[in-house]
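A closer look at the structure
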Amino acid sequence: MTSKRRLGVVLRFYSNLLVVEDLETGKQYLCKLRGKFKKQGIRPITGDTVEFTPIHGDEGVVENILHRRSELKKPSVANVDQVIVVTTLRKPEVPLEILDRFIVLVEREKLPLVLVLNKIDLLERDEITEFEKIYGNLYPLVKTSAVTKEGISELKEYLQGKISVFAGMSGVGKSSLLNAIDENLKLRTGEISEKLERGRHTTTTAQLLRVRDGGWVVDTPGFASLELEGIEPEELRYLFIEFENDKCFFPDCVHLDEPECFVKMQVMKGKLPRSRYESYVKMLKEIQEKAFRKP
Ligand SMILES: Nc1nc2c(ncn2[C@@H]2O[C@H](COP(=O)(O)OP(=O)(O)OP(=O)(O)O)[C@@H](O)[C@H]2O)c(=O)[nH]1
Ligand SMILES: [Zn+2]
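Residues numbered from 1 in each chain as written. Chains lettered and ligands numbered in written order. Predicted model: local features only at pLDDT ≥ 70, side-chain atom pairs only at ≥ 80, totals over all residues. Heavy atoms only, no water.

As recorded in an unreviewed UniProt entry, the protein chain goes by Small ribosomal subunit biogenesis GTPase RsgA and comes from Fervidobacterium thailandense. In the Subunit (unreviewed entry) part of its UniProt record, the protein chain is described as follows: "Monomer. Associates with 30S ribosomal subunit, binds 16S rRNA." The UniProt entry for the protein chain carries the following comment under Sequence similarities (unreviewed entry): "Belongs to the TRAFAC class YlqF/YawG GTPase family. RsgA subfamily." (UniProt positions renumbered as here; feature names shortened; annotations may be inferred.)

Among the residues of helix 3 (residues 125-135), Ile128, Phe131, Ile134 and Tyr135 are the ones counted as buried. Axial view of helix 3: buried residues confined to an arc of 120°, hence all on one face. In helix 3, those exposed residues whose orientation departs by more than 90 degrees from the buried face are Arg125, Asp126, Glu130 and Lys133. On its buried face, helix 3 sits against strand 8 (82-87), helix 2 (96-108), strand 9 (113-117), strand 10 (141-143) and helix 8 (274-293). (Buried < 20%, exposed > 50% of the residue type's maximum accessible area, 1.4 Å probe, protein only. Helix = DSSP H or I, 4+ residues; strand = E, 2+ residues; numbered from the N terminus. Arc of directions from axis to C-beta. Contact = heavy atoms within 4.5 Å.)

Our next topic: the packing of helix 2 against helix 8. Relative to each other, helix 2 and helix 8 sit at 70°, their axes nearing to 9 Å. With respect to their mutual orientation, helix 2 and helix 8 come out roughly perpendicular. Between helix 2 and helix 8 lies a crossing of right-handed hand. Residue-level inspection shows Leu96, Glu97, Asp100, Arg101, Ile103 and Val104 of helix 2 in contact with helix 8, the latter providing Ser275, Arg276, Ser279, Lys282, Met283 and Glu286. Looking at the contact of helix 2 with helix 8 residue by residue, the class counts come to 4 nonpolar, 2 polar and 6 charged. (Axes fitted to C-alpha atoms, helices over the stretch in contact; angles between N-to-C directions. Parallel < 35°, antiparallel > 145°, perpendicular 65-115°, else oblique. Left-handed = near helix turned anticlockwise from the far one by under 90°. Nonpolar A, V, L, I, M, F, W, Y, C, P; charged D, E, K, R; others polar.)

Moving on, we get to the pairing of strand 8. By the criterion of burial, strand 8 is predominantly enclosed, with 6 of the 6 residues buried. Burial along strand 8 is two-sided: Gln82, Ile84 and Val86 and Val83, Val85 and Thr87, pointing in opposite directions, are all buried. Inspection of the sheet shows strand 8 paired to strand 11 (residues 163-167) by 4 bridges, in the parallel sense. Residue pairing in the sheet places Val83 in a bridge with Val165 of strand 11. Sheet analysis places strand 8 next to strand 9, joined by 5 bridges and oriented parallel. When the bridges of strand 9 are listed, Val85 appears paired with Leu115. In this view, the connection linking strand 8 to its parallel neighbour strand 9 by way of helix 2 has right-handed handedness. (Pairing = 2+ DSSP bridges. Right-handed = clockwise from strand over helix to strand, strands pointing away.)

At 2.1 to 2.4 Å from the zinc ion (ligand 2) lie its protein donor atoms, namely Cys248 (SG), Cys253 (SG), His255 (ND1) and Cys261 (SG). Around the zinc ion (ligand 2), the 4 donor atoms are arranged such that angles at the metal cover 104 to 114°; this shape is classified as tetrahedral. (Donors = N, O, S within 2.8 Å, 3.2 Å for Na, K, Ca; no water. Tetrahedral: all angles 85-135°; square planar, octahedral: opposite > 155°, others 65-115°.)

A few words on the pairing of strand 3 (residues 28-33). Relative to strand 3, strand 2 (residues 17-22) is paired through 4 bridges, and the arrangement is antiparallel. Within strand 3, the position partnered with Leu18 by the bridge is Cys31. Where strand 2 hands over to strand 3, the hairpin turn is made up of 5 residues, of which Gly26 adopts a positive phi near 80°.

Take a look at the structure:
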């Protein structure tokens, strides 16, 4: 029996066992951890790339964790490549301020963002155009309908070869989009986990689901809490990526009441969307108030 080490991605956990997908063959292995991990106090998390040795059949042992490119805390997933922020303008009408909050939180994690405007089957042409005017130049924007399937293949292309987290307010259609992308997504947990689920093991951590045409999606939405916890008042302006913060008269300008503020001038001239600026001001005031209330 050959026991060559292979590279895999951690899909999910069952107490002390983990399911690893071979990066080359796509085959899934139920793995144990080498004892050294416990001694060293290190544990792989969902999304980690690991070196593992197949033992027999579909079992293996994890030998090493490779360098983590990124680590999201809620849900706890390593190596997330991008966040897909889904929003809608009707049913529900997601306030732009809520969308901007999602964007700020993703920017804070320094993760690439793809914006999805879903339920376009419910929208008039000019509603879409207006939305595009604000966000079209900031982020890749995919317009979709889980009902008519418009934009689904474009969205699939963004998922190719990447680990993606979906985010967005309740009811915008995150699950519906995943179903439209791959109708087996919810079921595709592999034979290994079926075997386990018949036992009493359950998985409590986030899981990666394999997308049929390539890529993985995290099974739990990201950024469930829209708290701006930990963001400094001086930091917020950099999370609005279109603000040209270095052009104001005062270098530390936070674009509120300072004179000769370039950002406010741009809003006045219509070169910067008012809604984005208003979201910024609301969030800034909220952060400032919290900072003030701190003992
Ligand atoms: N008209 C229309 N309805 C849609 C579309 N996508 C989803 N819906 C409907 O919107 C409702 C909510 O969709 P879900 O996929 O459950 O939304 P979600 O974002 O996963 O919601 P949470 O699980 O609460 O976070 C369902 O009734 C869907 O059928 C769409 O593109 N067009
Ligand atoms: Zn300014």
